[in-house]
Amino acid sequence: MEIVTSKVYVKVDEQNRIVRCEGGYTTPSDLSGWVQIDEGTGDKFNLCQTHYFEEGLYSTDGFPKYKLVDGVPSLRTDEELNKDRLPAIIEKKESELSLACNSAINKGSSVTLSTGEEEFTYDLADQANVSEMFNAILLGATEYPYHSNNNPCKMYSATDIVAIYSTLSSMKTAQITYHNQLKRYLKSLTDLVAIQNVMYGQELEGEYLESYNNLMAQAQAQLEAILSRVSQQSL
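Residues numbered from 1 in each chain as written. Predicted model: local features only at pLDDT ≥ 70, side-chain atom pairs only at ≥ 80, totals over all residues. Heavy atoms only, no water.

*Asks:* Describe the pairing of strand 1 (residues 6-12), and please don't skip the residues or the numbers.
*Replies:* Summarising the sheet, strand 1 and strand 3 (residues 35-40) pair through five bridges and their orientation is antiparallel. Bridge pairing in strand 3 links Val10 to Val35. With five bridges connecting them, strand 1 and strand 2 (residues 18-23) associate as antiparallel partners. The residue bridging Tyr9 from the neighbouring strand is Glu22, located in strand 2. Between strand 1 and strand 2, which pair antiparallel in sequence order, lie five residues; one of them, Asn16, sits at a positive phi of approximately 65°. (Pairing = 2+ DSSP bridges. Helix = DSSP H or I, 4+ residues; strand = E, 2+ residues; numbered from the N terminus.)

Structure (structure tokens):
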């Protein structure tokens, strides 16, 4: 009696990772692009989707566990799997850093005024209001109404408005510049543990610190040019 065998086929992606397994009862009608890797009898071959790769084709986080080497399925190394995970892990870390940067900006800063220290938040609404207040000073106003954190609105002198604007604007620039350099550093990493250990607020080093310092020096020079224009007015 003739024994009927079933063939097992796999399909690979551009990186030669096995992404599908079919054969036996589920043999594709069009085998273009499929590679036969085995042949035999029994459920392992007839129902190869669920029986051939007993632990499944994919890792628990959704990455192909096998590659095809000279026509033979081979388990991929942890290093290879981790390389697959890098983009998603970096994207998640980038989102985390972005939220931390926004939070730091929104929190604002303490500003030294003629009447002492006051705390100012700096969310998007605050940024628009502080810019409007500062523009009023540029146009000749000598005072303007505003408020610090949860305090009643009051009139601030032109001198204090300049202090509020320059302090908060510099703080925002510093946070954004730091965030940008930290992301550059993050994208240079290939080790999962190192990537996961990146935290907002850690010290910059090497080229990232140098770039941060250069950019901040340029930003400070531009701010001083603006403030010089204001100083020519009577504050």
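*Asks:* Mind laying out the pairing of strand 7 (residues 116-120), listing which residues take part and the relevant values?
*Replies:* Where strand 6 (residues 109-113) lies against strand 7, five bridges are found, and the strand directions are antiparallel. Residue pairing for strand 7: Thr112 is matched across the bridge by Glu117. Here strand 6 folds back onto strand 7, and the loop between the two strands holds two residues.

*Asks:* Could you give an account of the packing of aromatic side chains, with specific residues and numbers?
*Replies:* Taken as a whole and judged by the stated rule, the model has eight aromatic pairs. Consider the rings of Phe45 and Tyr52, whose centres lie 6.3 Å apart with planes at 65°: the pair is edge-to-face. In this structure Tyr52 comes out as buried when scored by relative accessible area, which is 16%. Seen from their ring centres, Phe134 and Tyr165 are 3.8 Å apart, and the 5° between their planes marks the pair as stacked. In this pair, Phe134 sits in helix 4 (residues 124-138) while Tyr165 sits in helix 5 (residues 158-187), placing the two residues 31 residues apart along the sequence. (Phe/Tyr/Trp six-rings, centres within 6.5 Å; stacked < 30°, edge-to-face > 60°. Buried < 20%, exposed > 50% of the residue type's maximum accessible area, 1.4 Å probe, protein only.)

*Asks:* I'd like to hear about the environment of Asn129, residue by residue, with values.
*Replies:* Along the chain, Asn129 falls in helix 4. Taking the C-alpha atoms as reference points, Asn129 and Tyr146, 17 residues apart in sequence, are found 8.3 Å from one another.

No statement about biological role is implied by the geometric values presented.
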